[in-house]
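# Chain and residue survey
Listed below are the residues making up each chain.
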Amino acid sequence: MTEPSPNTVPALPVLSIRQPEDIPARGLKLEADAVVIGSGASGGVAAYELSLSGAKVIVLEAGPYVKSEQFTERLVESFQTLYEDGGNQANKSGDLVVLQGACIGGSTVVNAAVCFRAPDKVLESWGENHGLDNLTPETMTPYFDRVEKNLHIHPNGPHEINLNGRLIAEGAKKVGIPAGPASRNIKHCALTGHCIAGCKTDRKQSMLVTYLPWASELGATILSGTRAESFEVRNGRITQVNAIATEANGSSKLVEIKAGLVIIAAGAVQTPLLFQKSAIGNSSGLIGHNFACHPSTAMIAEHRDDIYASLGSTITTYAGNIEDPKEGSYLIEAGSMDPMSITTASGGGIGLEYTDFIQENKKLLTSVTLIHDHNVGRVYMENGRKRIDYDLDDRDFPSLQEVLRATSKIYFAAGAKRVFLPTTRRTVIESADQVDSVINSLENGKHRYKLVSYHPQGTMRMGKDPKKSVVGPDGRMHDLDNVYVIDASLFPTTLLVNPQETVYAMASYLSDRMLARG
Amino acid sequence: MSPCCCYAIWVRLYRRTFAKLGVLAGAGALVLPGCTGSPPARSDAAQLSPAERVMFERFAEVYIPTEGTNLKPLSEVPYLDNIDRVLVFLDAPTLDEVHTGLKLFDYGSVVIGLHFTRFSNLHAEDRLDYIRKWDDGGETQRAIVGLIKKLVAIGYWQDVEAARRVGYQGPVSDEAKILSLGNAPMPVVVAIANESP
């Protein structure tokens, strides 16, 4: 494809979606070169790149098709229409919510648009410890370049960084923590701060407005509301994917797809469940194991002045040593929050202490933290119910303490009067000299902290050794010859940074590997 | 209901809860309880019983005491109906666990603090004290009181006017008539020469 002439305005690509209501009652039998299960960050990229090569591609998305004009910019409504389990997906203990998109475009529709390249040190550790010496920084750089160009990924400009972001970045530098503008996949951001409720005006370059329309324009068939349920296997190959399309009224139809290539892009929670349900591909016994999720907290502080942190970009700046997980174990992102999120995610207290706190909403500094956690969790089905068995490991608790300590020091350096920790009971640090003593007194335990995960990873570990991994270095499953896994479930360790850009780049790289294999 | 009857119910529920701690603790998720694999039994029928609505009212009165503040009065926010709509999205087993947890909390005051009456019947100061005891209690207590607080916060703050009272702008794109950019143009294809496997 060539650059359009400056004298012509090309028509924008159209996204055509086949919804359950469009499927006849008798069901559907389809054939394709490739079927992609999942339409999020990795599925969207693979659908486009395979379609570009001339392949006949079918995409299955379990979630609904919600047009951006239908987004309401109301968070609770967005949870109910755009998120997995209505925003209720949680770990087995119930003290960590695992947020994932469940709609056409997947989590890219509801994330905060933050983009980082995988740190070189992380890629190098995958080579050293998991035999992934093909995923060198040199190999991946052109793929990062490709997706950054396609998705308009760029560091926030000065107009995209509000006072909250500036104060946090300046505070970080005062206490010796690296900081800078966050990068986002946004074009002409309207600064509404509603990224996680879906970008109503299509500024965020999610799969919904980029790779999926591009794939559709090239002939890909995209089905919404259609959940892959089982596989038929012959001679070490998946020969058919069986899916159920469910209408809004609950009626369902069977969709059977025969394809030479099966590409799994359902995310780190749903992907292992698919294989567990069909009891295939698991000679290593590791499917569903090694779950990790970048446990996150909201950190809030009261400043002397009006800050209006909720006005502007959802995420503006970051702080933390993100180049090497051996040097830094956390990431802090200055971001906007609505009063509901501030209330549910922070320890603002109850009664008059709470109303005093929330009435000062305009003065609140707000940020989101995450830590580089160990892969200690497991995803599985139990009595017909999805389970995410993951609790904050004692080895990771010092990292949580460290990010709370660092953020508190940043806040006081930025002029905060007091800091509210994300504990289930109210914990307030009143001055900088109290930070260490308060943080040191914290203990690990269930339901002690208000935790959320935006980045599930690791349940279909990639590696060279079939005994220690599920998927090979080229994305192909060790046990199934024509099946590729391309989502964040591949990652042998967590990234320390938001994973979406790495998922895009990895999906692009693995698509090239599929095409090279023929 | 007599105090003895309340006590018997509470003990039975508490034992049942500890028997399946992991399951009920699941009722403490940040936004809502659950980690389900089955679709919610969406229904227009009310999810909260009359007694549960009263319990939530008594809870909200002391959790978010709006009187004398700049906050939108609780009486003007349909937070109970909002909570009800949120619960519609739970599957039946999880909803059962939520109902069990709410009963445990409401009747727990018979034993905890020796109030000999339900939480819903306590005076405001006693209710606050009782909530703090659960905040500092065991894992199951922290899970349940955390869930109730979350539901009340969600019910109250999803009211746009309530949020605007504290400086949050709420939905803006329609009001400001911000134009959509639409789908992105097809990209320029750049081949990558890569010799790796």
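Reading guide: rules and limits
Residues numbered from 1 in each chain as written. Chains lettered and ligands numbered in written order. Predicted model: local features only at pLDDT ≥ 70, side-chain atom pairs only at ≥ 80, totals over all residues. Pairing = 2+ DSSP bridges. Helix = DSSP H or I, 4+ residues; strand = E, 2+ residues; numbered from the N terminus. Buried ≥ 20, exposed ≤ 12 C-beta atoms within 10 Å, placed from the backbone. Axes fitted to C-alpha atoms, helices over the stretch in contact; angles between N-to-C directions. Parallel < 35°, antiparallel > 145°, perpendicular 65-115°, else oblique. Contact = placed C-beta atoms within 7 Å. Nonpolar A, V, L, I, M, F, W, Y, C, P; charged D, E, K, R; others polar. Domains from an automatic or database assignment.

Right, let's get into the sheet that holds strand β7 (residues 183-185) of chain A. Residue and element names in this part refer to chain A. Pairing within the open sheet is antiparallel, and its three strands lie in the order β4-β7-β5. The strands lining the two open edges of the sheet, one partner per strand, are β4 (114-115) and β5 (153-155). Across two bridges, β4 lies against β7 in antiparallel orientation. Looking across to β7, one finds that V114 is bridged to R184.

What follows covers unusual backbone geometry. Its identity is not glycine, yet A113 of chain A carries a phi of approximately 75°, on the positive side. Residue classification places A113 of chain A among the buried positions, given that 25 C-beta atoms sit within 10 Å. Phi at K177 of chain B is positive, roughly 50°, even though this residue is not glycine. Residue placement: K177 of chain B occurs in the segment after α8 (160-164).

In this section: the packing of helix α6 (residues 163-174) of chain A against helix α11 (residues 397-413) of chain A. Residues and elements named next belong to chain A. Orientation of α6 relative to α11, taken along the N-to-C sense of each, is 105°, at an axis distance of 8 Å. By the angle class used here, α6 and α11 are roughly perpendicular. In contact with I168, G171, A172 and K174 of α6, α11 contributes I410, Y411 and A413. Looking at the contact of α6 with α11, its residues break down into five nonpolar, one polar and one charged.

Bringing the sheet that holds strand β17 (residues 377-382) of chain A into the picture now. Residue and element names in this part refer to chain A. The strand order β12-β17-β18 describes an open sheet built from three strands, whose pairing is antiparallel. Edge positions in the open sheet fall to β12 (289-291) and β18 (385-389), since each of these has one partner strand only. Sheet twist, expressed as the mean angle between neighbouring strand axes with direction ignored, is 40°. Across the sheet, helix α8 (residues 270-278) touches β17 and β18, and the angle it forms with β17 is around 45°.

So, on to the environment of A47 of chain A. Residue and element names in this part refer to chain A. Among the structural elements, A47 can be located in helix α1 (residues 41-52). Accessibility expressed as a C-beta count within 10 Å gives 33 for A47, which makes it buried. In the structure, A47 is positioned 169 residues away from S216 in sequence and 8.7 Å away in space, judged by C-alpha atoms. Not counting chain neighbours up to four residues away, the residues in contact with A47 comprise V36, V57, V59, Y211, L212, A215 and A220.

Attention now moves to the environment of L421 of chain A. Residues and elements named next belong to chain A. Relative to the assigned elements, L421 resides in the loop between β19 (416-420) and β20 (428-429). Overall, L421 belongs to the buried group, with 22 C-beta atoms counted inside 10 Å. For the pair L421 and E128, spaced 293 residues apart in the sequence, the C-alpha separation amounts to 37 Å. In this view, L421 contacts G347, L404, T427 and I429; residues no more than four positions away in its chain are not counted.

Residues and elements named next belong to chain A. For strand β16 (residues 364-371), a buried count of eight out of eight residues is recorded, marking the element as mostly surrounded by other parts of the structure. One ladder, built from seven bridges, connects strand β13 (residues 296-303) with β16; its direction is antiparallel. Considered in β16, the bridge of S296 is made with L370. Judged from the five bridges that link them, strand β15 (residues 330-335) and β16 form a sheet pairing that is antiparallel. Residue pairing in the sheet places E333 in a bridge with V368 of β16.

Attention now goes to the interface of chain A and chain B. Across the contact, 78 residues belong to chain A and 64 residues belong to chain B. The set of elements that each furnish at least two residues to the side of chain A that touches chain B consists of α2 (75-82), α5 (137-150), α7 (211-217), α9 (339-345), α10 (352-359) and β18 of chain A. Of the residues that constitute the side of chain A that touches chain B, the class distribution is 27 nonpolar, 28 polar and 23 charged.

Right, let's talk about the domain arrangement of chain A for a bit. Accessible area lost upon the coming together of the parts serves often as the stated size of an interface. Residues and elements named next belong to chain A. By domain assignment, chain A separates into domain 1 (20-87 + 96-152 + 196-283 + 465-517) and domain 2 (155-182 + 296-372 + 393-448). Spacing between the C-alpha centres of domain 1 and domain 2 amounts to 32 Å. Domain 1 puts twelve residues into the contact, and the matching count from domain 2 is 13 residues. Taken together, the residues that form the side of domain 1 that touches domain 2 break down as ten nonpolar, one polar and one charged.

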